[in-house]
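Report on the structure
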Amino acid sequence: MTLTRREILTAGGRHAPPLSLSSVAVWAGEAIQIRMQGRDDGSQVWFDPIGILIKPGQTVRWTNLNPGNSHTTTAYNPANFGRPLRMPKTAKSWDSDYLLPKESFSITFTERGVYDYYCIPHEHAGMVGRVIVGEPEAHGWAEMVGANGDLPEEALKAFPTVEDIMTKRVVRRA
């Protein structure tokens, strides 16, 4: 029986071999960098930046720079553990699986819209982020922002507003 990295790490096995480059999406040119970070004592974890505006066709790369924690970047999508849809319906969902310190994961965004994502083990702590690709439609994203209390309160409080990202282009956590 072969275990996945998620099963090994969830069971407490922190010595799984690192991902090979072939298991990480290949990016062309320079990728937009999002860092997965946290305090040394583990009391806080976050994505930096927490909100970004990019153009269709740009690649985003998440890198775990938190030496004491594993993290994921996981799209809010029913394909990922039945989570609510908080991204364009026609866009491809993603789940990086657990990234050990210094590991990276990247994807290229082609569909316009608002994409919300989270870290599986740290969603309850507000480790979420938002990527906006191009101009979001005037409707669609607003309905998903606080949908039916289906997200932890800390996660909902952490998301930057679409307006703030559209104005600043890059939003860092407060």
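Residues numbered from 1 in each chain as written. Predicted model: local features only at pLDDT ≥ 70, side-chain atom pairs only at ≥ 80, totals over all residues. Heavy atoms only, no water.

**Details of the nonpolar core**
By size, the foremost hydrophobic cluster in this structure holds 22 residues, and its most contacted members are Phe47, Trp62, Trp94, Phe109, Tyr115 and Val131. At the level of elements, strand E1 (32-38), strand E2 (45-48), strand E3 (51-54), strand E4 (59-64), strand E6 (104-108), strand E7 (113-118) and strand E8 (128-133) are the ones that each hand at least two residues to this core. Those residues in contact with Phe47, other than ones at most four positions away along the chain, are Ile34, Arg35, Met36, Trp62, Thr72, Tyr117, Tyr118, Cys119, Met127, Val128 and Gly129. (Core = buried A, V, L, I, M, F, W, Y, C linked by side-chain atoms within 4.5 Å. Buried < 20%, exposed > 50% of the residue type's maximum accessible area, 1.4 Å probe, protein only. Helix = DSSP H or I, 4+ residues; strand = E, 2+ residues; numbered from the N terminus. Contact = heavy atoms within 4.5 Å.)

**Comments concerning the pattern of salt bridges**
Tallied over the full model, the rule gives seven salt bridges. The salt bridge involving Asp48 is made with Arg35; its shortest N-O contact spans 2.8 Å. Taken together, the residues Asp48 in strand E2 and Arg35 in strand E1 connect sequence positions 13 residues apart. Three or more residues are tied together by salt bridges with common partners; here these are Arg35, Asp48 and Arg172. (Salt bridge = Lys/Arg side-chain N within 4 Å of Asp/Glu carboxyl O.)

**What about the confidence of the model for the protein?**
The predicted model of the protein has a mean per-residue pLDDT of 83, with 76% of residues at 70 or higher. Within the model, pLDDT remains below 50 along residues 7-28, and this stretch shows 30 contacts once partners closer than five positions in the same chain are excluded. (pLDDT = per-residue confidence, 0-100.)

**Some thoughts on the sheet that holds E1**
Reading across the sheet, the four strands line up as E2-E1-E4-E6 and stay open at both edges, with mixed pairing between neighbours. With one partner strand each, in any of the chains shown, E2 and E6 form the two edges of the open sheet. Here the strands of the sheet are splayed against their neighbours by 15 degrees on average, with no regard to which way each runs. Sheet topology places E4 next to E6; five bridges connect them, and they run antiparallel. Across the sheet, the residue bridging to Thr63 is Ser104, located in E6. (Pairing = 2+ DSSP bridges. Axes fitted to C-alpha atoms, helices over the stretch in contact; angles between N-to-C directions.)

**A few points about the sheet that holds E3**
Taking strand neighbours across the sheet as the criterion, the five strands line up as E5-E7-E8-E3-E9 in an open arrangement whose pairing is mixed. Each edge of the open sheet carries a strand with a single partner, namely strand E5 (74-75) and strand E9 (170-171). Where E3 meets E8, four bridges bridge the pair, whose relative direction is parallel. Bridge pairing in E8 places Gly51 opposite Arg130.

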